[in-house]
Amino acid sequence: MKYTVLGLSGLVSICLGIEARAQRPNIVFIMTDDQDLHLNSIDHQPIVKKELAEKGTTFDRHYVTVAKCCPSRASLLRGQAGHNTNITEVSAPGGNYDKWLISGQNEDYLPHWLTAAGYNAEYMGKIMNGYNTANYGKPPAGWTNIWTAVDDYTYEYNNVVMSLNGQTPISYPGYHQSDVIRALAVDRIENLSSQGKPFFLGISPTTPHVQLGGGQWPVPPMRYANQFPNLTAPRTVNWNPDDAHQKQKVSWIKNQPLMNATTIAKLDGLYRARTQSLLGVDDIVEDVIAKLEEKGLTNNTYVIYTSDNGWHIGSHRVSAGKSLHYREASNVPFIVRGPGIPANKTSNLPGAHLDLAPTFLDIAGLTADNPAFPPFLDGRSLLENWKKPEVEPTQCPVNGGGQEVINVEYWGIGEEETPWGVNRHANNSYKTVRLVRPDGGTYLYSRWCTGEAELYETGSDPGELTNLALGTTHDEATTRLLSRLNGLLLAAKSCAGDTCRNPWSLLQPEPERREKDVQTNLTITCLEQALEPEFDDFFASMPQVAFERCMMYQYRPNETPYWPANAGLGEAYRKPTDNYKSSSPKGKRVVSQGKFGTVAQRHVAWSEIVKTAKELTPDQLG
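Residues numbered from 1 in each chain as written. Predicted model: local features only at pLDDT ≥ 70, side-chain atom pairs only at ≥ 80, totals over all residues. Heavy atoms only, no water.

**With respect to the overall build of the chain**
For the chain, the count of helices and strands is 18 helices and 21 strands. For the chain, the spread of C-alpha atoms along the principal axes amounts to about 80 × 70 × 50 Å. Relative to its full complement of 622 residues, the chain shows a buried share of 61%. Considering only intrachain contacts with a sequence separation of at least 6, the fraction spanning at least 24 residues in the chain is 74%. For the chain, the accessible surface area stands at approximately 23500 Å², while carbon and sulfur atoms represent 52% of it. (Helix = DSSP H or I, 4+ residues; strand = E, 2+ residues; numbered from the N terminus. Buried < 20%, exposed > 50% of the residue type's maximum accessible area, 1.4 Å probe, protein only. Contact = heavy atoms within 4.5 Å. Areas by Shrake-Rupley, 256 points an atom, 1.4 Å probe, with all protein chains shown as cover.)

So this is what it looks like as structure tokens:
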């Protein structure tokens, strides 16, 4: 028999390695659904302000890259742009949970990577549109445990149905969704804290998404149903604008009529309901933080608070909704509290949801040399920005820059949530690039499937009202700016990996370097350099970003040209999904018997909730 003898130094190294792994931070990720930043919803959430904003850092220039639930969530979970996941809508043909399964992306995303790094990875609530009573047996893979909200109950606040790890869905009658998720989150922290491993816990209530059905609103817990009786939606700078500004918009938006007093009164009611419902999320935050403190975990746990996309009410005469590239729909709440994060700070350093997976892997210590590390990430780790949120980027970043470039894209229908139901607007596909610079040069540039363009200087025009791209002739400065932003958008709209992290790397004027996706010693690293007159001919030679026609999904031939011409669109890392079929729930519905979330239920425990829980019957599953 052979024995291996380790010296003291070897034993110390092993012990230190084990200790280091044991000390890796936990991650609690709280993501609401359709929460706004620019309607000031967090101002009415005292617990989020007290426990997160005042004890952490708020990043006010954090964006989603697709302003809609399912594609935004897919982008976050894969660390990729929407054009690379090809999950572009909440239903077929653009995408939903069924498309996620068929594409194979369910087998290679965030929880797989975290568990490979030695984490327990758990999740509860809504993960993706289209997980339902017909396909529940194919659960989101990779999680240690996942309690997934099941359609068509995901948006019924008082009719909660979830599936644990793909098992028969369970109804939790008599309780509001906020209380179910709150109690479950507290229970899981109690459990996870005893496992001897770092953990990731995703908490995703539906709040404040509207309850489905014509003109329905979010339904708050009963204990909050009478809060904020006189609250009205903020009359922002782009609220119900005059004709002079409205006619500068594009596609269906430019034809929106002025909102009348009846509509405005209804929208104020919607705003109150959203704000009331978010108090249920405050309860979740309060109890999660309290349990972390009780278990002695707060100093070694990152708590991240955000939304899957933004929300607008009254902006540009659109009653309410998302699916647009304007700041209200794409710029989301984002707060981080945790080890090394300064307290009570606000940062203007930019970031996006596709950066979150790389950031979580950075926290987990999963590095690029690990076989489990994904080769296709488009985002960058934000951890350094989180720890140093007040560091100003240089005026013109050199190699490794490009953080200021945010690509926002969309395919399909524009959904306007009116007080009387959803208006579905055609011709809502667009490609957008934002330059988000705290030191100047902040722009929003879009090309629409209708052939129209928008350009806003967002520093002096934060409401994005004055479209500088109107007309067929422009002054020399605007012409030069439009050509540069067209080139940047052309690079960003089909970027992958390093070129998403720095699209400027594709825009080098030397002929032998054009359309190369790996570049060093860059000639052009930022807009200031690109605007030099010596590069006029180069940018003028680039093709215009265009669509052949307006379509409901991403189709490669419809969106040519590409730069580079052989852009991969993520196809090497997912399976084909052409003409895929969505599953359709056919069971008899579970019927809710009332409204819940009473004062008496504020602290109800998970052990109490499960006493009345019921598996769905075969008839209900269909």
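**Examining the sheet that holds strand 6 (residues 161–164)**
Spatial ordering of the open sheet is given by 13-2-12-9-1-8-4-5-6-7-21, a layout of 11 strands whose pairing is mixed. Edge strands, defined here as strands with exactly one partner in the open sheet, are strand 13 (345–347) and strand 21 (614–615). Inspection of the sheet shows strand 2 (residues 57–59) paired to strand 13 by 3 bridges, in the parallel sense. By the bridge assignment for strand 13, Thr-57 is matched with Lys-345. This element, helix 2 (residues 46–53), spans strand 2, strand 9 (301–307), strand 12 (334–337) and strand 13 of the sheet and lies at about 45° to strand 12. (Pairing = 2+ DSSP bridges. Axes fitted to C-alpha atoms, helices over the stretch in contact; angles between N-to-C directions.)

**Regarding the pattern of salt bridges**
Under the counting rule described, the total for this entry stands at 39 salt bridges. A salt bridge links Lys-345 to Glu-390; its shortest N-O distance comes to 3.8 Å. Taken together, the positions of Lys-345 in strand 13 and Glu-390 in the loop between helix 12 (383–387) and strand 15 (405–410) put the pair 45 residues apart, joining distant regions of the chain. Note on Glu-390: relative accessible area 52%, which makes it exposed. Here Glu-528 and Arg-437 are joined by a salt bridge, their closest N and O atoms 3.2 Å apart. Of the two residues, Glu-528 sits in helix 15 (residues 527–530) while Arg-437 sits in the loop between strand 18 (430–435) and strand 19 (443–448), which places them 91 residues apart along the sequence. (Salt bridge = Lys/Arg side-chain N within 4 Å of Asp/Glu carboxyl O.)

**Things to note about the environment of Ala-530**
As for its placement among the helices and strands, Ala-530 is situated in helix 15. Each C-alpha atom, one on Ala-530 and one on Asp-355, is 25 Å from the other, the two residues being 175 residues apart in sequence. Leaving out residues up to four positions away in the same chain, Ala-530 has contacts with Arg-484, Trp-504, Ile-524, Phe-535 and Phe-539.

**Quick word on the confidence of the model for the chain**
Looking at the chain, pLDDT values average 93 and 94% of them are 70 or higher. Segment residues 1–21: pLDDT under 50, and 5 contacts once partners within four positions in sequence are set aside and those in other chains are kept. (pLDDT = per-residue confidence, 0-100.)

**Section: unusual backbone geometry**
Cis peptide bonds are those with omega within 30 degrees of zero, and the linkage from Thr-207 to Pro-208 qualifies with -5°. Looking along the chain, the bond that leaves Thr-560 and enters Pro-561 is cis, with omega of 5°. A positive phi is found at Ser-251, a non-glycine position, where the angle reads about 50°. With respect to the secondary-structure elements, Ser-251 resides in the loop between helix 8 (243–246) and helix 9 (261–294). Exposure remark for Ser-251: the relative accessible area of 7% places this residue in the buried category. In this model, Ser-323 sits at a positive phi of 65°, which is unusual for a non-glycine residue.

**Topic: the environment of Val-436**
By secondary structure assignment, the location of Val-436 is in the loop between strand 18 and strand 19. When the C-alpha positions of Val-436 and Asn-348 are compared, they lie 8.7 Å apart, and in sequence the two are 88 residues distant. Among residues more than four places away in sequence, those in contact with Val-436 are Arg-61, Tyr-63, Pro-350, Glu-404, Ile-406 and Thr-442.

**Observations concerning the packing of aromatic side chains**
Overall, the coordinates contain 18 aromatic pairs when judged by the stated rule. The interplanar angle of 45° and the centroid separation of 5.2 Å between the aromatic rings of Tyr-123 and Trp-143 together place this pair among those described as tilted. A residue pair is termed long-range when its members are at least 10 positions apart, and Tyr-123 in strand 4 (residues 120–125) and Trp-143 in the loop between strand 4 and strand 5 (145–149) qualify at 20 residues. No difference in accessibility class separates Tyr-123 from Trp-143, as the two residues are buried. Put simply, the rings of Phe-29, Trp-100, Tyr-109, Tyr-123, Trp-143, Phe-200 and Phe-360 pair up and form one aromatic cluster. The positively charged end of Arg-78 is found above the aromatic ring belonging to Phe-376, 4.0 Å away from the centroid. Over the ring of Tyr-562 we find Arg-556; its NZ or CZ atom is 5.7 Å from the centre of that ring. (Phe/Tyr/Trp six-rings, centres within 6.5 Å; stacked < 30°, edge-to-face > 60°. Lys NZ or Arg CZ within 6 Å of the ring centre and 35° of its normal.)

**Examining the sheet that holds strand 18**
A sheet is described by the order of its strands in space; here 4 strands give the open sequence 15-18-19-20, paired in antiparallel fashion. Each edge of the open sheet is held by one strand with a lone partner, namely strand 15 and strand 20 (453–457). Pairwise comparison of adjacent strand axes, ignoring direction, gives a mean angle of 10° for this sheet. Strand direction decides the pairing type here: strand 15 and strand 18, joined by 6 bridges, are antiparallel. Of the residues in strand 18, the one forming a bridge with Glu-409 is Lys-431.

**With respect to the packing of helix 2 against helix 9**
Contact geometry for helix 2 and helix 9: axes closest at 8 Å, N-to-C directions at 35°. For the pair helix 2 and helix 9, the sense of crossing is left-handed. Residues Pro-46, Ile-47, Val-48, Glu-51 and Leu-52 of helix 2 pack against Leu-279, Asp-282, Val-285, Glu-286, Ile-289 and Glu-293 of helix 9. Looking at side-chain class alone, the contact of helix 2 with helix 9 contains 7 nonpolar, no polar and 4 charged residues. (Left-handed = near helix turned anticlockwise from the far one by under 90°. Nonpolar A, V, L, I, M, F, W, Y, C, P; charged D, E, K, R; others polar.)

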